[in-house]
Amino acid sequence: MDRIEELETALTIPCAQADHIRVDDARRLTGPGLLWDRPGAVMDIFFDDIPANRVTELWEHHARRVLDALGWRDEGLTHRVFSGGVNLAISAPMDQLYSAIFAAQMAWHFCAAELLDAEPGDFDRMIADVKGVMAKEANPPLIALIKAAAERGVDILCDDDEISIGHGIGSRTWPCDALPAPEEVDWDALHNVPVAFITGTNGKTTTTRLLEAIARASGKVAGLTSTEFVRVGDDILDRGDYSGPGGARMLLRDQRLEIACLEAARGGILRRGLPTKAATAAVVTNVANDHLGQYGVNTVPELAQAKFAVHRTLAKDGILALNADDDFVRAEAETTQANIWWFSLDAQNDKISSARARGDCCAYLHGDSIVFFDGAEEQEVLPVGEVPLTIGGVASYNILNALAALCLARAMGISFEAIRTGLASFKPDARDNPGRCNEFAYNGARVFVDFAHNPHSILAVCEALSELPAKRRFIMLSHAGDRSDQDINDVTTTALNFKPDVIVAAELEGYLRGRELGEIPTLIEQAAAAHGFSADQIQRAASPSRAATQILEQVAPGDIALLLMLSERDEVLRLLEP
């Protein structure tokens, strides 16, 4: 067994004795995140019947002791208490993040030993072993470049394989094991480009795509990251979920890029943090119940804390655009000192009124027009009816997305002319905004396909489409098996805001996740029946594509159908192709 293996084994001994303490694997933090804006390592500790302040006091003592013994006296430590546990973190030099994991585990080892009245390992031997890891990991040229870039106000992006300085057309990238000395770098050729982070529970993908369309309309080479791909101009660099820091670095290193639109999902923020502290702008579209229960984020207010990590990415003069109509966003805004631009569907919203009184920029709906206030006067941007994304103004959630994109675009220096062009040309179809309320004509009926999956997004879509006139309304529903019975009831009930005449409950055989076939359609039927739907209004289908086929066989001119898709999306879209 080598020294690293010995260290790993030693670090597990106290925790292995506990049946009421659970420790998740420590992970590296590469940039700003939920806890702070520093690189380092974080551990999630879960426990019952232990006072949280006892744990954090031990952490303050032992983590400081470890950091000092390693020679990291300038590094810090922090913690966050949540229901049922704590996050514990230390900061570390950027070239020592694997070592930071061992350092954090060592600090926790001594905390756990005290909590469990267990015999800890040999402190000096462990420190020597961690220092051995540090010596192997050290990269002095990287630290020199980080210092030189900071002195020149240019961003530097780091990962395991490559280091880049600047963004896009102003960037240069080198392998980690072949870095130049600072005096060998052509600093005059390196600079940052406008960068925006887009996060929120719902609307972030649409806002990211819309902002990119506006940036394109300005004549710049724009790029985006998303849960589907990374794209620069018309070139898709790679497909997959790239809403984390890896996708952002891939985009920001492309030397064609002039403006970056970065979707930032909860998972990436919590797992690794965000990749830069040089962003021009960021937005939180909204915060609602979704994906709770991971990394100590168990409530919607805690989720708001996670989403607000984007404010830590902002450069000194960066802008944080916030939804003034969202209570959780409003509450969390009280904790940040960022320069906030509010947006709202209500010109009389108190945040909008206060912003105008202070001479702060803001955006809002005034009558039937989207308006931007520049701190001195109003600028009417476009009537809502001329923004296709809003479906004639009934999709209020997309009006909010348009207001968010407007704020980001202005913060990035994009002209009103380009903003108008982008808003007017971006369509809710499978080309511009795939999966987000895409409309198709079929047998004289209007058919909408949407990937909404949580109550907040489903309510927004269903309420919007309920405003459209229709002879009959059809809806397709399906749910993954890992939702509780109550969740399935709640989401089904929410979907009834569409005011359907016919409901088709689709089986998701690939997403049963422990349930039996037929169980989820039965729960959908029960929820609908409890709200007055008769048996002849509720149908079943063996799959989403079969459910879509059943609906398409029934629709007639003047009808509206809403297909809420969780799987078999491509098959359904092919059914609707002209």
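The structure we're discussing is the one just above.
Fair warning: this is a prediction, and the values are worked out from it, not measured in the lab.

The next subject is the overall build of the protein chain. When you go through the protein chain residue by residue, the secondary structure sums to 18 helices and 25 strands. The globule rule puts the C-alpha radius of gyration for 578 residues at 25 Å, and the 26 Å found for the protein chain is close to it. A principal-axis box enclosing the C-alpha atoms of the protein chain has dimensions of 80 × 55 × 45 Å. Taking all 578 residues of the protein chain together, 57% fall into the buried category. In the protein chain, of all internal contacts separated by at least 6 residues, the share reaching a separation of at least 24 is 65%. Accessible area for the protein chain stands at about 23400 Å²; split by element, carbon and sulfur atoms hold 47% of it. In the protein chain, the 53 positive side-chain charges and the 85 negative ones have mean positions that sit 3 Å from each other.

As a further point, take the packing of aromatic side chains. Applying the stated criterion to the full structure yields four aromatic pairs. Linked through ring pairs, Trp341, Phe372 and Phe416 together constitute an aromatic cluster. Sitting above the plane of the Phe46 ring, Arg22 keeps its charged end 4.0 Å from the centroid. Positioned above the aromatic ring of Trp187 is the side chain of Arg152, whose terminal nitrogen or guanidinium carbon lies 4.4 Å from the ring centre.

What follows is about empty space enclosed by the protein. All chains considered together, the criterion is met by two cavities of 30 Å³ or more. Taken as a whole, the largest cavity spans an internal volume of roughly 90 Å³. Along its surface, the largest cavity is lined by 13 residues, and Arg27, Leu29, Leu34, Leu35 and Leu270 are the ones closest to its centre. By residue class, the composition of the lining of the largest cavity is eight nonpolar, three polar and two charged. Here the second largest cavity defines a volume of roughly 30 Å³. Every residue along the wall of the second largest cavity is listed here: Phe197, Thr225, Ser243, Gly244, Pro245, Ala248, Leu262, Glu263, Ala264 and Leu274. Contributing elements (two or more residues each) for the lining of the second largest cavity: α7 (245–252) and β13 (259–263).

Take helix α16 (residues 519–530) next. Here α16 contains 12 residues, and its C-alpha end-to-end distance of 17 Å stays within 8% of the 16 Å for a straight helix at 1.5 Å per residue. Restricting attention to buried positions, one finds in α16 the residues Ile520, Pro521, Leu523, Ile524, Ala527 and Ala528. End-on view of α16: buried residues confined to an arc of 160 degrees, all on one side of the axis. Next to the buried residues of α16 lie β22 (473–477), α15 (485–495), β23 (502–506) and β24 (538–541). Once α16 ends, the next one or two residues include Gly532, with phi positive near 95 degrees.

Take the sheet that holds β24 next. With respect to topology, six strands assemble into an open sheet ordered β20-β21-β25-β22-β23-β24, the strand pairing being mixed. Every interior strand has two partners, whereas the edge strands, β20 (438–442) and β24, have only one. When the angles between neighbouring strand axes are averaged without regard to direction, this sheet yields 20 degrees. In terms of strand pairing, β20 meets strand β21 (residues 445–450) through five bridges, oriented antiparallel.

The next thing to look at is the sheet that holds strand β16 (residues 339–344). Adjacent strands of a sheet form backbone hydrogen bonds with each other and so pair up, either parallel or antiparallel. The strand order across the open sheet formed by 11 strands is β12-β11-β10-β13-β9-β14-β15-β16-β17-β18-β19, and the pairing between neighbours is mixed. For this open sheet the edge positions go to β12 (235–239) and β19 (378–383), each flanked by a neighbour on one side alone. Pairwise comparison of adjacent strand axes, ignoring direction, gives a mean angle of 20 degrees for this sheet. Here four bridges tie strand β9 (residues 195–199) to strand β14 (residues 279–284), and the two strands are oriented parallel to one another. Residue pairing for β14: Ala196 is matched across the bridge by Ala281. Strands β9, β10 (222–225), β11 (229–232), β12 and β13 of the sheet are contacted by α7, whose axis makes an angle of about 170 degrees with β13.

Trp59, Ile90, Trp108 and Ile165 are the most contacted members of the largest nonpolar core, which totals 57 residues. Going through the elements one at a time, β3 (40–47), α2 (52–69), β5 (85–91), α3 (97–116), α4 (123–137), α5 (140–152), β6 (156–158) and β7 (162–165) are the ones with two or more residues in this core. Broken down by element, this core gets its largest block of residues, 13 residues, from α3. For Ile165, the contacting residues outside a window of four places in its chain are Leu145, Ala149, Val154, Asp155, Ile156, Gly170, Ser171, Arg172, Trp174, Trp187 and Leu190.

Thresholds applied
Residues numbered from 1 in each chain as written. Predicted model: local features only at pLDDT ≥ 70, side-chain atom pairs only at ≥ 80, totals over all residues. Heavy atoms only, no water. Helix = DSSP H or I, 4+ residues; strand = E, 2+ residues; numbered from the N terminus. Rg over C-alpha atoms; globule rule 2.2 N^0.38 Å. Buried < 20%, exposed > 50% of the residue type's maximum accessible area, 1.4 Å probe, protein only. Contact = heavy atoms within 4.5 Å. Areas by Shrake-Rupley, 256 points an atom, 1.4 Å probe, with all protein chains shown as cover. Lys, Arg positive; Asp, Glu negative; His and termini not counted. Charge placed at Lys NZ, Arg CZ, Asp CG, Glu CD. Phe/Tyr/Trp six-rings, centres within 6.5 Å; stacked < 30°, edge-to-face > 60°. Lys NZ or Arg CZ within 6 Å of the ring centre and 35° of its normal. 1 Å grid on protein atoms, 1.4 Å probe; cavity = no way out; pocket = protein on both sides within 12 Å on 5 of 7 lines; lining within 4 Å. Points joined across faces, edges and corners; volume = space filled by probe spheres on them. Nonpolar A, V, L, I, M, F, W, Y, C, P; charged D, E, K, R; others polar. Expected span 1.5 Å × (residues − 1). Arc of directions from axis to C-beta. Pairing = 2+ DSSP bridges. Axes fitted to C-alpha atoms, helices over the stretch in contact; angles between N-to-C directions. Core = buried A, V, L, I, M, F, W, Y, C linked by side-chain atoms within 4.5 Å.

Functional significance is not addressed by these values, which are geometric in nature.
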